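Topology and contacts: notes
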Amino acid sequence: MPDSEYTRIQLPSVDSLLSLPAIIALAAQYGRRPTLSAVRAALDEARTCNRFDATTLPEALSRTLASRQAIGLVAVHNLTGTVLHTNLGRAPLADEAVQAMVAAAGAAAVEFDLAKGRRGERDAHVERWLCRLTGAEAALVVNNNASAVLLALNALADRKEVPVSRGELVEIGGAFRVPDVMKRAGARLVEVGTTNRTHLRDYADAIGPKTGALMIVHPSNYAIQGFTAKPAPGEIAALAHQHSLPFIDDLGSGALVDMAALGLPAERTPMQALADGADIVTFSGDKLLGGPQAGLVVGRKDLVEKLRRNPLKRAMRLDKVMLAALEATLVLYDDPERAVQRIPALRLLTRPAADIREMAERLAPAFAAAVGQDFAVSVEDCQSQIGSGALPVDLLPSAALVARPTAARGKGRALSRLAAALRALPRPVVGRTADDALWLDLRCLEDKAGFAAQLKELRP
Ligand SMILES: *Cc1c(COP(=O)(O)O)cnc(C)c1O
């Protein structure tokens, strides 16, 4: 092709573009280097397609840079029906906890005793509250409950044997398997009893000179029904103490209020575990307690000190922002009634189904308009789950916005498309697909107005 038939457009230099006010502003916002590389990419593309529009360039660069630097860990609407959804961050935090996190983000008195003007204990702030609320002699915190169990076993039973009931050798959500954690902690698991029945004498028979501790584990997301037996925790505690052994109780969720009194499935509390004679009780911060991810340990002072002095404790220590959130959450429990109102996990779990249904009825017309002709929208009863190790059979009556494809064919594809469109909203909406329909369980919807406002942007 002769040159005369193919005129190359004249492109500006990189430097001249970088000195345009609009692009200087982009460099200030997104950084000089990514802006420079976006400008180069735009010029390369202009060269390839032999087309260049200087007027639309800043706009295009801004889109590119914004998408490159968009934060991936965004807030979502959890309308899955599982309140403590591990993949969606478990417990949503109370406003008080969020404010405490913001306050602690800069320099903060995390390990500094302001009264005495010298180095302080990192866990002191939360330990005070954990002891006050549970009646324990001492407490400490680590990253999560898996760490708490690992630390307790390593500090109390390294190279020693720990008898555990075969009915409690459970796997909890992914990688927490009791036998594996034991091995990593250096403790030797001694299986006692059978899957469905374990007796006190099984524990007694397993105790020998190498035994380091007795432990029970909350089976959490797993239930053994029918011909079953296990000793009461108090009996195992008494047996442990007869042999001068520490008794560890891994509670899992560890609610700090009486769940049954709130109309929820009963859950043993750390207070009950201590009253039953446990020397070390471990539980999560972000399950029924409704705080940030953390592993809480309460119990006998000498044993908690052993855990505190273990080098693993340093490797598992909680970050200052999480400590602040945890302290603020624990403070709310000073008044259990206030805790239920202010801590989202408890507030959402106790939300009456009638209130959820009323909200669903009110939102249904806007949702129907947003999803368009291809879907029929209705409000239907559904059942929420607690999540995070609570029994999947313990369901809470709730209500959902339900979208069913109207066409007889291609329902699966239509539902995936709608689910994807909901996830593409500025605050992604995560629902659940079941029975040829998309279900949005509204139990966890608190920002009704925000949800409704962004429906206008839905492109199913
Ligand atoms: C959830 C759970 C754990 C693990 O707790 P994380 O805080 O998720 O690390 C350990 N033990 C039991 C019994 C649990 O229910």
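First things first, this report covers the structure right here in the doc. Note that the coordinates shown come from a computational prediction; the quantities given were computed from them, not determined experimentally. (Residues numbered from 1 in each chain as written. Predicted model: local features only at pLDDT ≥ 70, side-chain atom pairs only at ≥ 80, totals over all residues. Heavy atoms only, no water.)

Summarising the element assignment, Ser284 is placed in strand β11 (residues 280-284). Residues within four places of Ser284 in sequence aside, it is in contact with Arg90, Asn145, Gly252, Ser253, Leu289, Ala294 and Leu296. (Helix = DSSP H or I, 4+ residues; strand = E, 2+ residues; numbered from the N terminus. Contact = heavy atoms within 4.5 Å.)

Our focus in this paragraph is the pairing of strand β4 (residues 138-142). Regular strands show a simple pattern: their side chains alternate between the two faces of the sheet. Most of β4 is tucked away, with 5 of its 5 residues classed as buried. Burial along β4 is two-sided: the residues Ala138, Leu140 and Val142 and Ala139 and Val141 are all buried. (Buried < 20%, exposed > 50% of the residue type's maximum accessible area, 1.4 Å probe, protein only.)

What follows is about the sheet that holds strand β13 (residues 375-385). Strand order in this open sheet of 4 strands is β13-β14-β17-β16, and the pairing throughout is antiparallel. With one partner strand each, in any of the chains shown, β13 and β16 (432-434) form the two edges of the open sheet. With strand direction ignored, the average angle separating the axes of adjacent strands in the sheet is 35 degrees. Sheet topology places β16 next to strand β17 (residues 437-441); 3 bridges connect them, and they run antiparallel. Residue pairing in the sheet places Thr433 in a bridge with Leu438 of β17. Strands β13, β14 (395-405) and β17 of the sheet are contacted by helix α17 (residues 353-371), whose axis makes an angle of about 150 degrees with β13. Helix-sheet contacts for helix α18 (residues 411-423) involve β13, β14, β16 and β17, and the interaxial angle to β17 is about 30 degrees. (Pairing = 2+ DSSP bridges. Axes fitted to C-alpha atoms, helices over the stretch in contact; angles between N-to-C directions.)

Before going further, it helps to spend a moment on the site of the ligand. Residues in close proximity to the ligand include Arg90, Asn144, Asn145, Ala146, Ile172, Phe176, His218, Ser220, Asp250, Gly252, Ser284 and Lys287, which together make up its full environment. Between the ligand and Arg90, the relevant distance is 3.0 Å, taken from an oxygen atom to a side-chain nitrogen or oxygen of the residue. Taking Asn145, its main chain carries an N or O atom lying 2.9 Å from an oxygen atom of the ligand. For the ligand, the protein covers 93% of the area, taking 380 Å² as the surface of the free molecule. Split into classes, the residues belonging to the shell around the ligand amount to 3 nonpolar, 6 polar and 3 charged. (Near = heavy atom within 4 Å. Polar contact = N/O pair within 3.5 Å; in protein donor to acceptor, adjacent residues only side chain to side chain. Areas by Shrake-Rupley, 256 points an atom, 1.4 Å probe, with all protein chains shown as cover. Nonpolar A, V, L, I, M, F, W, Y, C, P; charged D, E, K, R; others polar.)

With that settled, consider the packing of aromatic side chains. Across all of its chains, the model carries 0 aromatic pairs by this definition. If you follow Arg132 out to its NZ or CZ, it ends over the ring of Trp129, 4.4 Å from the centre. The ring of Phe227 carries the charged tip of Arg197 above its face, separated from the ring centre by 3.8 Å. (Phe/Tyr/Trp six-rings, centres within 6.5 Å; stacked < 30°, edge-to-face > 60°. Lys NZ or Arg CZ within 6 Å of the ring centre and 35° of its normal.)

Let's shift gears to α18. Over its 13 residues, α18 extends 18 Å from the first C-alpha to the last, a length consistent with the 18 Å expected when each residue adds 1.5 Å. Within the span of α18, buried status applies to Ala414, Leu415, Leu418, Ala419, Ala421 and Leu422. The arc that holds every buried residue of α18, seen down its axis, measures 160 degrees, which confines them to one face. Looking at the packing, one finds that the buried side of α18 touches α17, β13, β14, β15 (429-430), β16 and β17. (Expected span 1.5 Å × (residues − 1). Arc of directions from axis to C-beta.)

Right, let's get into the packing of helix α3 (residues 32-49) against helix α4 (residues 57-68). The N-to-C vectors of α3 and α4 enclose an angle of 125 degrees; their axes lie 10 Å apart at closest approach. Classified by the interaxial angle, the pair formed by α3 and α4 is oblique. For the pair α3 and α4, the sense of crossing is right-handed. In this structure, α3 uses Pro34, Thr35, Ala38, Val39 and Ala42 to contact α4, whose residues at the interface are Leu57, Leu61, Leu65 and Arg68. (Parallel < 35°, antiparallel > 145°, perpendicular 65-115°, else oblique. Left-handed = near helix turned anticlockwise from the far one by under 90°.)

The strands that make up a sheet are held in pairs by hydrogen bonds between backbone atoms, and each pair lies either parallel or antiparallel. Pairing is mixed across the open sheet formed by 5 strands, whose spatial order is β4-β12-β11-β10-β9. Edge positions in the sheet fall to β4 and β9 (214-217), since each has one partner strand and no second. Across the sheet, the axes of successive neighbouring strands diverge by a mean angle of 15 degrees, strand direction being ignored. As paired elements, β4 and strand β12 (residues 295-299) share 5 bridges and run antiparallel to each other. Considered in β12, the bridge of Leu140 is made with Val297.

A word on the environment of Val430. Here Val430 is to be found in strand β15. Separated by 349 residues in sequence, Val430 and Gly81 have C-alpha atoms that sit 9.7 Å apart. If we ignore the near neighbours within four places in the chain, the residues touching Val430 are Val76, His77, Asn78, Leu79, Thr80 and Leu88.

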